[in-house]
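Results of the structural survey
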Amino acid sequence: LYTTVTTEAVVSTQSTGERQGEVWKKYHEMDDPESQPSPCNLDEKLNDFQKLCMLKCFRVDRVYRGVTNYVTGKMGEKYVTPPVVTFEAIFEQSSPISPVVFILSPGSDPASDLMKLADRTGFGGNRLKFLAMGQGQEKAALQLLDTAITRGQWLMLQNCHLLVNWLVDLEKALEKIQKPHPEFRLWLTTEPTPRFPVGILQRSFKVVTEPPNGLKLNLRQTYVKIPSTALQECTHEAFPELMFVLGFFHAVVQERRKYGKIGWNIPYDFNESDLRVCMELMKTYLDKSMEIDGKIPWSSLKYLIGEVMYGGRAIDNYDRRIINTYMDEYMGDFIFDSFQPFFFYKDKEVAYNIPKETHRDKFLEYIEELPLANTPCVFGLHSNAEIGYFTNAAKDMCSYMIELQPQTSSSDGGISREQYIEKVAVDIEEKLPALFELDRIRKQLGEITPTAVVLLQELERFNILISKMKISVATLQRALAGEVGMSAELDEIAKALFNGQIPASWRRLAPDTLKSLGNWIAHFTHRFEQYSGWIEKGEPAVMWLSGLHIPESYLTALVQATCRKNGWPLDKSTLYTTVTTHTKAEDVREKLHSGCYVEGLYLEGASWDVQSACLRKSKPKVLVEELPVLKIIPIEAHRLKLQNTFKTPVYTTSERRNAMGVGLVFEADLSTTDHSSHWVLQGVALMLNAD
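Reference entry: report on the structure contained in this document. All of these numbers come straight from a predicted model, not from anything done at the bench.

**Overview of the side chain of Gln530**
- Relative to the assigned elements, Gln530 resides in helix 22 (residues 517-537).
- Since its relative accessible area comes to 11%, Gln530 is described here as buried.
- Residues within four places of Gln530 in sequence aside, it is in contact with Met543, Trp544, Gly547 and Leu548.

**Remarks on the packing of aromatic side chains**
- Under the definition given, this model contains 43 aromatic pairs.
- Where Phe249 meets Tyr326, the ring centres are 6.3 Å apart and the plane angle is 70 degrees; that geometry is what we call edge-to-face. Taken together, the residues span a long stretch of sequence, with Phe249 in helix 11 (residues 239-255) and Tyr326 in helix 14 (residues 317-330) at a distance of 77 residues.
- Note on Tyr326: relative accessible area 1%, which makes it buried.
- The ring centre of Phe390 lies 5.6 Å from the NZ or CZ of Arg62, which sits over that ring.
- Between Arg417 and the ring centre of Phe498, over which it is positioned, the NZ or CZ distance is 5.2 Å.

**Quick notes on empty space enclosed by the protein**
- Evaluation of the coordinates by the stated rule reveals two cavities of 30 Å³ or more.
- If you add up the space inside the largest cavity, you get close to 100 Å³.
- Lining the largest cavity are 18 residues, and of these Tyr318, Ile322, Arg656, Gly683 and Val684 sit closest to its centre.
- Elements with a contribution of two residues or more to the lining of the largest cavity: helix 14, strand 16 (645-651) and helix 24 (676-682).
- When the residues that make up the lining of the largest cavity are grouped by side-chain class, the tally is 11 nonpolar, three polar and four charged.
- The volume enclosed by the second largest cavity comes to roughly 40 Å³.
- The wall of the second largest cavity is formed by Pro511, Asp512, Thr513, Trp520, His523, Arg527, Ser546 and Asn689.
- For the lining of the second largest cavity, the residue count by class is two nonpolar, four polar and two charged.

**A short note on the sheet that holds strand 3 (residues 154-158)**
- If you trace the five strands from one edge of the open sheet to the other, you get 2-3-4-1-5, paired in parallel fashion. Because the sheet does not close on itself, it has two edges, and the strands there are strand 2 (128-132) and strand 5 (205-209). Neighbour-to-neighbour, the strand axes of this sheet turn through a mean angle of 20 degrees, independent of strand direction.
- Pairing of strand 1 (residues 100-104) with strand 5 involves five bridges; the strand directions are parallel.

**What to know about helix 10 (residues 215-225)**
- Every buried residue of helix 10 is accounted for by Leu215, Lys216, Asn218, Leu219, Thr222 and Tyr223. All buried residues of helix 10 lie within an arc of 165 degrees about the axis, which places them on one face of the element.
- Lining the buried residues of helix 10 we find helix 11, helix 12 (272-292), strand 7 (351-353) and helix 15 (360-368).

Calculation notes
- Residues numbered from 1 in each chain as written.
- Predicted model: local features only at pLDDT ≥ 70, side-chain atom pairs only at ≥ 80, totals over all residues.
- Heavy atoms only, no water.
- Helix = DSSP H or I, 4+ residues; strand = E, 2+ residues; numbered from the N terminus.
- Buried < 20%, exposed > 50% of the residue type's maximum accessible area, 1.4 Å probe, protein only.
- Contact = heavy atoms within 4.5 Å.
- Phe/Tyr/Trp six-rings, centres within 6.5 Å; stacked < 30°, edge-to-face > 60°.
- Lys NZ or Arg CZ within 6 Å of the ring centre and 35° of its normal.
- 1 Å grid on protein atoms, 1.4 Å probe; cavity = no way out; pocket = protein on both sides within 12 Å on 5 of 7 lines; lining within 4 Å.
- Points joined across faces, edges and corners; volume = space filled by probe spheres on them.
- Nonpolar A, V, L, I, M, F, W, Y, C, P; charged D, E, K, R; others polar.
- Pairing = 2+ DSSP bridges.
- Axes fitted to C-alpha atoms, helices over the stretch in contact; angles between N-to-C directions.
- Arc of directions from axis to C-beta.

Encoded structure:
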């Protein structure tokens, strides 16, 4: 279908001459091409679904909105609008024998809303019981359940996903309930998990809780939930304005999450409880300051809010750096400067400032005047971040559709599923090289230097991968021919090859990657070529770090070799990095005496100005660009004095770093003429692999 649509577009463009090329370029550069007429009168030739396919060819980032428009047009707006569910409505539909399961999303916390519902319906105080699930809470939970069933209490078991195995016991206990008290209710909260017992889900009333979407809705929820007299409870005159700053900061850190890895390396569930505690902290410290000199204790507030409360959730150092940057940008005497008014963000259309009000209702009136939608620039991100967000959403949608497509043989005369898989397997088998002869290579290298050790370790891992791939494709072909049985592993490999994905058994033996199967095979071949050149011609002048299984080991070996040569202590040495003017590896003529040149790094969140040799604002619609060749030199740490540079993390893939700390390779110092806080909030990083 893609081919048909694209052919129509190409034929139409060619037949109407070069002038129509400008029409297609204009279509590609539109802000909302999904809502505009198709070029070259293609609206008359293509149906709505074919136009969606054309949109994916030209602007994959707009497919998400295009699908929304498609569903709205075909089925109605109610299928794309989340339902508004109140806790009163949930209570009315619940019963003593049907638990209510809240499926949590990051940032949502139904506990406070349930407490308010209990107060309104007369179940407050001792009639509402809470228990946060965790190790050792199994017996206590069952005891509370028995008591609640007989006495007609409400029981909320929080974070049930932490004790998934115990939920089987809970399921059995619920099945034994015969005549519960008519006022008994069981409330469960859990994060999405495939191991949650189906029996509980089938008999329960399921509610998906999500935090408000958008800066305005987030601020509105904050002010709706605080008491009308809360802003007058503090004696310090700056408390109402600082409360708005805190609410704005809370909304910003939640909204960054939807932009994926460029927002946060790890998606944190900042919730209402964080905000409430920070409100109490701020009130306490401002009241104490009034007893002394009335000065706002900025350093204490920034530390408690940025490092302890919100920073305490951030387990990644670069995420914590973002939080501290917001603290520096939002908190200080400068926000009260009357000569230079403070704005969180300002452009031609909107200005986010701190209203000079003292009553909650006045703040709500100001919030209602804010636009419903906001650009990523409000959070310090580039407008391209929204493109990345919609692109990833479209990719996820397509991957889900691939998973859902029929896995049966074709019956329309075309190539069958088995024939296609066999064809792919044969093609891969033909591209697999012979195993490296490690003993011969070890003798050929002679003196074993630190980098030679890295090469031998890399070849050993590469041999394991080659062996696994050879055995897999050979056995799979025999299974398809009926000579051997199709095991679960072979079935998974066949499914992956059919869908153009990397089999999990291969992925475990290879460097981290987000590539499709075809691109990964090309990457695999490039790795083999680099290893072969390293063996035959010696260590390459320009290293392609993405081709190494563990790139950190090579950089460590460089430091070790230089320290041995110069007699430096290893623990007091580091890496100095600088971007060269070489845009291609072929431009490098000589190998460095110590250190190395590195190619194949990709810059996200910014662009690189080759002429000025410094970071610049990202180009519109360019999410990632290749960095010129990077020079890495080992140096003694005390001799490294840098100015006007931004410490940039280098990750293996665009997934960046996960919760286990896996993915970070090293830090590169990139020159900049802007303050480093600008690039921190933009989420600037380098990657070894482009997706």
